[in-house]
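Listed below, chain by chain, are the residues.
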Amino acid sequence: MLRRYEIYPVDPAASAEAREAMNVGIRDCANFIPELLHSAIGHAESETNLNFVWEHAYQSPEHYQRYMRHPYHAAILDRFLMNDSPERIIVDNPHGLGLVGYDIDEPDYLLPAGAARRLVALQLAEGSQERFAGIAKEEAERCGMINSIFEYNSFAAKWFDGETDTGLPTNWTHLWEQGFADLDAARAYQPQWREKAGDMVEDSIELLYELEAGVGYPEVK
Amino acid sequence: MEHAPVHIVDTSLVAAQDHERFLALVREEIVPTMTDAGIECLSVLASSPEIGEDVEVQVTWRVSDHQAWNVARRDFFLDPRYHAFSATAASLRTGGRRRILYPVEG
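Here we summarise the structure given alongside this text. Counting restarts for each chain, with residues numbered from 1 along the sequence as it is written. Note on labels: chains are lettered from A, ligands numbered from 1, in written order. The predicted origin of the model limits local features to residues at a pLDDT of at least 70 and limits the giving and counting of side-chain atom pairs to 80 or more, whereas totals for whole chains, interfaces and linings rest on all residues. Side-chain measures were taken over the full set of non-hydrogen atoms in the model, leaving aside hydrogen atoms and water.

1. Notes on the overall build of chain B
Piece 1. In terms of helices and strands, chain B carries three helices and four strands.
Piece 2. The helix and strand sequence of chain B, counted from the amino end, reads β-α-β-β-α-α-β.
Piece 3. Here the C-alpha radius of gyration of chain B, 14 Å, is about what a compact globule of 106 residues would show, namely 13 Å.
Piece 4. When its C-alpha atoms are laid out on the principal axes, chain B stretches across 40 × 40 × 20 Å.
Piece 5. Each residue's exposure class comes from its accessible area (1.4 Å probe, protein chains only) as a fraction of the maximum for that residue type: buried when under 20%, exposed when over 50%, partly exposed otherwise. Relative to its 106 residues, chain B shows a buried fraction of 41%.
Piece 6. Residue pairs at least 24 apart in sequence account for 77% of intrachain contacts in chain B once pairs closer than 6 positions are excluded.
Piece 7. Looking at chain B, you have 10 positive and 16 negative side-chain charges, and the mean spots of the two groups are 5 Å apart. Only runs of H or I of at least four residues qualify as helices and only runs of E of at least two qualify as strands under DSSP, and these elements are numbered from the N terminus. Our radius of gyration is a C-alpha quantity, and the globule rule it is checked against amounts to 2.2 Å times the number of residues to the power 0.38. Contacts were defined at the residue level, with two residues in contact if any of their heavy atoms lie within 4.5 Å. Here Asp and Glu are counted as negative and Lys and Arg as positive; His is not counted, and neither are the chain ends. By convention, the point assigned to a charge is CZ for Arg, NZ for Lys, CD for Glu and CG for Asp.

Have a look at this one:
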């Protein structure tokens, strides 16, 4: 499966009507594109201006390609998101954290209704993946995360068809999805991984949000 | 409905005092960049700047189908000119609308 994220800064000047239209259009797009799985959005808290997260998945690159060629993608999704669209309501993303994701065998990322996610984008020093995976596992056990997936960000450059490298570089080498029972638990979490990882982590961004599940999102893991 | 050819109809609202600058941007930067990506510009229409309203500038683009649009979309997104003209256009627009249309029979 392809696990995929789209992450954006929504224009603070965008109208409430336009924001709601985008929320619904993205969250529930499986109504129109059945190849899209496990769609949920979140209005993120972050130290950056990145405040909109869309998490979802595809069974295969072929399913992703059908999503990319679907009229709904061009007519509805691009309307709010593409730089040249007169109806765009996001602003430029200075962090280079937009389209990311990874390959996974099963949808282990699913969370129950009411759960919250902390998504950590990481730029790790070369060769530190295994050591950081150990730290992530320890941290998940220590603080009672209900879900923890640490993966190489293999999707970033493959946004065209899920297979071909477009050559667009990304600094974000890895993603760490952390699941919590609810937003309070996610907010209360006191991370210790930064101290443990030290120089392994060259950069990171954290986004915290409650899942707003869309059409087709199973309510239990 | 057959979803081909794809017509992308972009209507931008710009202040009357900015409309000439916006039209120059369309002519000199937007059309050449999109044409190089394989998108045909069918028309550029504008409302009058002399009627006390923001000017509506409507550009209609055409590609053969959604597969072709997807490829063109990749190509213009990887073109630095696209990001430059988009930023300028956004700074001049006061609003707008994008719709995707198809020919109908009969």
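2. So, the packing of aromatic side chains
Piece 1. Ring pairs shown here join Phe, Tyr and Trp side chains whose ring centres sit within 6.5 Å, with only the six-membered ring taken for Trp; geometry is labelled stacked below 30 degrees between planes, edge-to-face above 60, and tilted in between. Using the criterion set out here, one finds 16 aromatic pairs over all chains in the structure.
Piece 2. An angle of 45 degrees between the planes, with centres 5.1 Å apart, marks the rings of Tyr-58 of chain A and Tyr-67 of chain A as tilted. Of the two residues examined, Tyr-58 of chain A and Tyr-67 of chain A, each falls in the buried class.
Piece 3. Relative to Tyr-189 of chain A, the ring of Phe-180 of chain A has its centre 5.3 Å away and its plane inclined at 40 degrees; by these criteria the two rings are tilted.
Piece 4. Overall, Phe-180 of chain A belongs to the buried group, its relative accessible area being 3%.
Piece 5. By relative accessible area, Tyr-189 of chain A is classed as buried at 6%.
Piece 6. Members of the aromatic cluster, connected to one another through ring pairs, are Trp-159 of chain A together with Trp-69, Phe-76, Phe-77, Tyr-82 and Phe-85 of chain B.
Piece 7. When the NZ atom of lysine or the CZ atom of arginine is within 6 Å of a ring's centre and also within 35 degrees of its normal, the charge is said to sit over that ring. Here the guanidinium or amino end of Arg-3 of chain A rests over the ring plane of Tyr-109 of chain A, the centre of that ring lying 3.8 Å away.
Piece 8. Between the NZ or CZ atom of Arg-74 of chain B and the centre of the ring of Phe-160 of chain A, over which it lies, the distance is 4.3 Å.

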